[in-house]
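# Understanding the architecture of this molecule
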Amino acid sequence: MESKTKCIGILTSGGDCPGLNAAIRGIAKAAMQQGTKVIGIQDGFRGLVENRMVPLEDKDVSGILTHGGTFLGSSRDKPHKMAMGGKVMDLTDVAVSNAKKNHIDCLVCLGGNGTQKNAMRLHEAGLDVLTLPKTIDNDVAGTDITFGFDSSMAIATEAIDRLHTTASSHHRAIVCEIMGHKAGWLALGAGIAGGADVILIPEIAYDLDFVVEHLLARRHHNKRFSIIAVAEGAVSKNGKQKEAEAREGLIQEPIASRIAREIQQAADIEVRYTSLGHVQRGGTPTATDRLLCTRMGTKAGELLAKGIYNVMVGVKGDVCDAVPLSEVAGKTKLVPPGHRWLQTAALVDTCMGDTMDF
Ligand code: F6P
C-alpha cells in the first residue's frame, strides 16, 4: 500500500531523556520503508521557526538506538512565545509556513506536556501533527506510560540503593531529591523500587511532624538508617501555597536541603541530602524504554502511512494506539488519590508524609 504521507519533519522538544534517539529511529525507519521522506528539525520548535532542517537518510538513524539524549537537539522554546532578537514574539505562522515550504505533510513532535500543547496550537493554525509522549515525569495524559520514565526510574532507584549502604553504615537519614515538579510518579516509583522509608510527592502535602514520628519509630525498632525520597515539587501542609509561589522565583533552598535541615532540627537524627538532578536524564535507555520507543515510533509510522494525523501515540495496557491530541493537550496526569502504587507503598510501611485513606 502506498503511504498517504510523502514527507514528515521530526522534532524533539522540552527536556531531553533517554529513548529519544530510539524513538526517532523507530519513526524514521518505519516511514522510510514506506517511501516517506524524513526531515530532521534541529533544536525543537526553534529550529522549525528558524528553518533549520536536515534531510535524514537511513544511515543517519542507524546505530543510535542505545544513545542517550537527542541527536536533533532540543529546546524549551514555543512558537507562540519565542524570544528572537531581544523580543518575545508569536511566530506560529512562521513555524507553519516553514513546514509547508519544506513540503512537510505532518510534523512529528516528541515531547512532554508543553510539546503536546504546542503541537495542538500548530494544528489549530493549519498544520497536521502527530506526537509521541516523552518525559521522565510520566505525567502526559492519554497514555499509561511515557518513554524516558523507565530509564530515569532505574537511575533514581540505583541512587537510592547506593544511599542505603552509606546511610546504614553511618546510622543516618538521607534525603534524596528526585525530579518531578508537578507529578510524583518518578519519586514514587523509584522510592518503592528502592525501598525508601519515606516518599514525598507533590500530590500529597506532607506534615513534617508525621515524617519525624515515622523516622523516630524506625529508630525505636532498631532500624538505624532511613531514606527519604522527595520529589522536587513536594510541598508541606503548612506552607503549600507559599512554597508553590516561591518555586516560581529563582533562588530558593532546594527541597532536599530544607527537609534535611528541618528533620535535624526536630529530632536528634543525623541527616544528609543528595539531589540527583540531571543525572536522571542522562545515559542509555533501559531495554524497556528501547522497546517502548521502538513500538511507539513504528506505530507512528503505521499511522502516517494511513494518513492519520493530529493524534498522540499512547499506550493502554499492552496496546499502542492513536489518542486524539485534543484529549491530551493541556492536561497533566498526576498520581491520583488511592492509586495502587500508593497502596503498595502503604503495605510496606512507607510513610507518604500524611495519613492515607484507602
Ligand atoms: O520535564 C522533565 C524535567 O526533567 C522535570 O522533571 C524537571 O523538573 C525539569 O525537566 C527540569 O528542566 P530543565 O532541564 O530545563 O532544568
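Anything mentioned here points back to the structure above.
Source: prediction; values computed, not measured. (Residues numbered from 1 in each chain as written. Predicted model: local features only at pLDDT ≥ 70, side-chain atom pairs only at ≥ 80, totals over all residues. Heavy atoms only, no water.)

## As for the site of the ligand
Under the convention used in this document: We call a residue near a given molecule or strand whenever any one of its heavy atoms falls within 4 Å of it. N or O atoms closer than or at 3.5 Å make up a polar contact, with two conditions inside protein: a donor-capable atom paired with an acceptor-capable one, and, for residues adjacent in sequence, both atoms drawn from side chains. Any residue with an atom within 4 Å of a point lines the site, the site being either a cavity, points on a 1 Å grid over the protein atoms alone where a 1.4 Å probe fits but cannot get out, or a pocket, an open set with protein on both sides within 12 Å along at least 5 of 7 lines. Think of it this way: if more than half of a molecule's atoms are within 2 Å of a pocket's grid points, that molecule is in the pocket or cavity. Note that Gly is not counted as nonpolar here; it falls among the polar residues with everything else outside the nonpolar set of Ala, Val, Leu, Ile, Met, Phe, Trp, Tyr, Cys and Pro and the charged set of Asp, Glu, Lys and Arg.
With respect to spatial proximity, the complete set of residues near the ligand consists of R76, I136, D137, M179, G180, H181, E232, H278 and R281. One of the side-chain nitrogen or oxygen atoms of D137 is found 2.6 Å away from an oxygen atom of the ligand. Given that more than half its atoms are within 2 Å of the pocket grid, the ligand belongs to the largest pocket. Considering only residue class, the shell around the ligand consists of two nonpolar, three polar and four charged.

## Topic: the layout of surface pockets
The line we're drawing: Grid points are joined across faces, edges and corners, and a volume is the space filled by probe spheres set on the points. Each helix is a run of DSSP H or I of at least 4 residues and each strand a run of E of at least 2, with the numbering of both proceeding from the N terminus.
Taken as a whole, the largest pocket encloses approximately 1,300 Å³ of empty space. Surrounding the largest pocket, 41 residues form its lining, R76, D137, D139, H181 and K182 being those nearest its centre. Only α4 (113–124) and α8 (240–248) provide two or more residues apiece to the lining of the largest pocket. Of all the elements, α4 adds the most residues to the lining of the largest pocket, at six residues. Along the lines of polarity and charge, the residues of the lining of the largest pocket split into seven nonpolar, 17 polar and 17 charged.

## Quick notes on helix α6 (residues 185–193)
Each full turn of the α-helix corresponds to 3.6 residues, which orients residues three or four apart in the same direction. Filter applied, for reference: Classification of residues uses two cut-offs on accessible area relative to the type maximum, computed with a 1.4 Å probe and protein chains only: under 20% is buried, over 50% is exposed, and between them is partly exposed. Any two residues having at least one pair of non-hydrogen atoms within 4.5 Å are treated as being in contact.
Within α6, seven of the nine residues are buried, which leaves it mostly tucked inside the rest of the structure. By the burial criterion, the buried members of α6 are W185, L186, A187, L188, G189, A190 and G191. Close packing links the buried residues of α6 with α5 (149–170), β8 (173–178), β9 (198–200), β10 (226–231) and α11 (340–347).

## Observations regarding the pairing of β10
Defined as follows: We treat two strands as partners when DSSP finds at least two bridges between them.
Within β10, six of the six residues are buried, leaving the element largely enclosed by the surrounding structure. Burial along β10 is two-sided: the residues S226, I228 and V230 and I227, A229 and A231 are all buried. Pairing of β8 with β10, which is carried by six bridges, proceeds in the parallel orientation. Bridge pairing in β10 places I174 opposite I227.

## Here's the deal with the side chain of T146
Following the sequence through the fold, T146 ends up in the loop between β7 (129–133) and α5. Residue class for T146 comes out buried when judged on its relative accessible area of 0%. A polar contact is formed between the side chain of T146 and the backbone oxygen of T135, at a distance of 2.6 Å.

## Observations concerning a positive patch on the surface
The cut-off we apply is this: To count toward a patch, a residue needs a relative accessible area above 30% and no salt bridge. Like charges then connect within 9 Å, nonpolar side chains (Val, Leu, Ile, Met, Phe, Trp, Tyr) within 5 Å. In these tables, accessible area is a Shrake-Rupley quantity obtained with a 1.4 Å probe, and a residue counts as shielded only by the protein chains included in the view. Any carboxyl oxygen of Asp or Glu that lies within 4 Å of a side-chain nitrogen of Lys or Arg is treated as forming a salt bridge with it. Only four residue types enter the tally: Lys and Arg on the positive side, Asp and Glu on the negative side; His and the chain ends are excluded. Where a charge sits is defined by one atom per residue type, namely NZ (Lys), CZ (Arg), CG (Asp) or CD (Glu).
A cluster of basic residues, K78, K81, K117, R121 and K182, forms a positive patch on the protein surface. Among the residues examined, R121 registers a relative accessible area of 33% and is labelled partly exposed.

## Concerning the nonpolar core
Nonpolar side chains in soluble globular proteins generally cluster together in the buried interior. Here is the rule: Among the buried residues, those of types Ala, Val, Leu, Ile, Met, Phe, Trp, Tyr and Cys that are joined through side-chain atoms within 4.5 Å form a nonpolar core.
Ranked by size, the top nonpolar core spans 62 residues in total, and within it I10, L110, L130, L132, F147 and I178 carry the most contacts. The residues contacting I178, other than those within four sequence positions of it, are A156, I160, L186, A187, A190, A229, V230, A231, E232, L276 and Q280. With 27 residues, the next largest nonpolar core counts F45, A99, L127 and V328 among its residues.

## A word on the sheet that holds strand β2 (residues 37–41)
Under the convention used in this document: Geometry is summarised by axes, namely lines fitted to C-alpha atoms with helices restricted to the contacting stretch, and by angles between N-to-C directions that run from 0 to 180 degrees.
A sheet is described by the order of its strands in space; here seven strands give the open sequence β3-β2-β1-β6-β7-β12-β13, paired in mixed fashion. Each end of this open sheet is capped by a strand with a single partner; those strands are β3 (53–56) and β13 (319–324). Strand after strand, the sheet turns through a mean of 30 degrees between neighbouring axes, direction not considered. Where strand β6 (residues 106–111) and β7 come together, five bridges link them in parallel fashion. Within β7, the residue paired with L110 across the bridge is L132. In the packing of helix α1 (residues 20–33) onto the sheet, the strands contacted are β1 (7–12), β2, β3, β6 and β7, and the crossing angle to β1 comes to about 180 degrees.

## Quick word on the packing of aromatic side chains
The criterion, for reference: The rule is short: rings of Phe, Tyr and Trp, with Trp giving its six-membered ring, pair when the centres are within 6.5 Å, and they are stacked under 30 degrees, edge-to-face over 60, tilted in between. To sit over a ring, a charge needs its Lys NZ or Arg CZ within 6 Å of the ring centre and within 35 degrees of the ring normal.
All chains considered together, the criterion is met by two aromatic pairs. Relative to W341, the ring of W185 has its centre 5.6 Å away and its plane inclined at 85 degrees; by these criteria the two rings are edge-to-face. Within this pair, whereas W185 is found in helix α6, its partner W341 is found in helix α11, the two being separated by 156 residues in sequence. Linked through ring pairs, F149, W185 and W341 together constitute an aromatic cluster. Of note, R218 hangs over the ring of F225, and the distance from its end group to the ring centre comes to 5.3 Å.

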